[in-house]
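# Topology and contacts: notes
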Amino acid sequence: MRKYPLILIITLATLATACNHSRKFTQNYYSENETAITAIRDRFTRMYDAHPFSLELKDKYLERVGLEIITDSIKYIYAFNINEHYLTDTLRKYGFSIQDMGDLIIDMQKAHCTWITSLDYYENHRKKELLFLSVRHKELETFLKPEKYFAMALFNETQPVDEKKRLLDKEGVSQLRKINGKIYRSINDKIFYAVTDMYR
């Protein structure tokens, strides 16, 4: 009978350590990478407005690219090594700036960013967009599970939060707004984060 309270204590201690770890990581990561994140946001938004796409750095060395190109009728999915000429050929084919895409990839590497895309959401029946990106970082590896991702949602407008700094739904302010099934907490009034098992 004594083993159950001990297991419960160990589990609670583990969860507390993981929460403290993720809070500390969030504070450190964002302060160290704010400039790169701002550059990623600005460059991606400008490029996306011209031609919708999503970008993935597929391997842990951030050297293999996954590119989703979105047209009116179909989504094209490609995978390249960063230095492959097929990458530049494909960018040229779809009218992307090779320089801008190269700079975006470099900024994503600096920030350990593995995935970036635009997500739709609705307020008062009006379609809006947020920027979604995820980060793979060695500091997120814990003894609970080795592979964790730091997901960020970047809004264009100030968002409501509850007393625990959790993202709320503007239409039903008493309700939490989940993104991909996860609860997000504020970094500031427009940027929110979650630690997840999935990168997208």
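As a reminder, the structure under discussion sits directly above these lines.
Here the structure is a predicted model, which is why all the values come from computation and not from measurement. (Residues numbered from 1 in each chain as written. Predicted model: local features only at pLDDT ≥ 70, side-chain atom pairs only at ≥ 80, totals over all residues. Heavy atoms only, no water.)

What follows covers the environment of Phe-132. By the secondary structure assignment, Phe-132 is in strand β5 (residues 126-136). Along the primary structure Phe-132 and Leu-154 are separated by 22 residues, whereas in three dimensions their C-alpha atoms are 6.4 Å apart. Excluding residues that lie within four positions of it along the chain, Phe-132 makes contacts with Trp-115, Ile-116, Thr-117, Leu-119, Ala-151, Met-152, Ile-179, Asn-180, Tyr-184, Tyr-199 and Arg-200. (Helix = DSSP H or I, 4+ residues; strand = E, 2+ residues; numbered from the N terminus. Contact = heavy atoms within 4.5 Å.)

Okay, the side chain of Arg-136 next. Mapped onto the elements, Arg-136 comes out in strand β5. Under the relative-accessibility criterion, Arg-136 is labelled buried at 18%. Engagement of the side chain of Arg-136 in a polar contact is seen with the backbone oxygen of Asp-59, the distance being 3.2 Å. Within polar-contact distance, the side chain of Arg-136 engages the side chain of Tyr-149 at 3.1 Å. In contact with Arg-136, other than residues within four places in its own chain, are Leu-57, Lys-58, Asp-59, Lys-60, Leu-62, His-112, Thr-114, Glu-147 and Tyr-149. (Buried < 20%, exposed > 50% of the residue type's maximum accessible area, 1.4 Å probe, protein only. Polar contact = N/O pair within 3.5 Å; in protein donor to acceptor, adjacent residues only side chain to side chain.)

This next bit is on the pairing of strand β1 (residues 53-57). Of all 5 residues in β1, 5 are buried; the element is thus mostly enclosed. Residues of β1 alternate between two faces, with Phe-53, Leu-55 and Leu-57 on one and Ser-54 and Glu-56 on the opposite face, all of them buried. Pairing of β1 with strand β2 (residues 64-70) involves 5 bridges; the strand directions are antiparallel. Bridge pairing links Phe-53 to Ile-69 in β2. Pairing analysis gives 2 bridges linking β1 to strand β4 (residues 113-123), with the strands arranged antiparallel. (Pairing = 2+ DSSP bridges.)

Ranked by size, the top nonpolar core spans 36 residues in total, and within it Phe-53, Leu-55, Met-101, Leu-104 and Met-152 carry the most contacts. Ranked by the residues each element gives to this core, the list is headed by helix α1 (residues 3-50), at 9 residues. When near neighbours in sequence (up to four residues on either side) are disregarded, Leu-55 contacts Val-65, Gly-66, Leu-67, Met-101, Leu-104, Ile-105, Met-108, Thr-114, Trp-115 and Ile-116. (Core = buried A, V, L, I, M, F, W, Y, C linked by side-chain atoms within 4.5 Å.)

This brings us to the packing of aromatic side chains. Evaluated as defined, the whole model comprises 10 aromatic pairs. Both rings, one in Phe-44 and one in Phe-53, keep their centres 4.9 Å apart while their planes meet at 50°; by these two values the pair is tilted. Exposure remark for Phe-53: the relative accessible area of 0% places this residue in the buried category. Put simply, the rings of Phe-44, Tyr-48, Phe-53 and Phe-96 pair up and form one aromatic cluster. (Phe/Tyr/Trp six-rings, centres within 6.5 Å; stacked < 30°, edge-to-face > 60°.)

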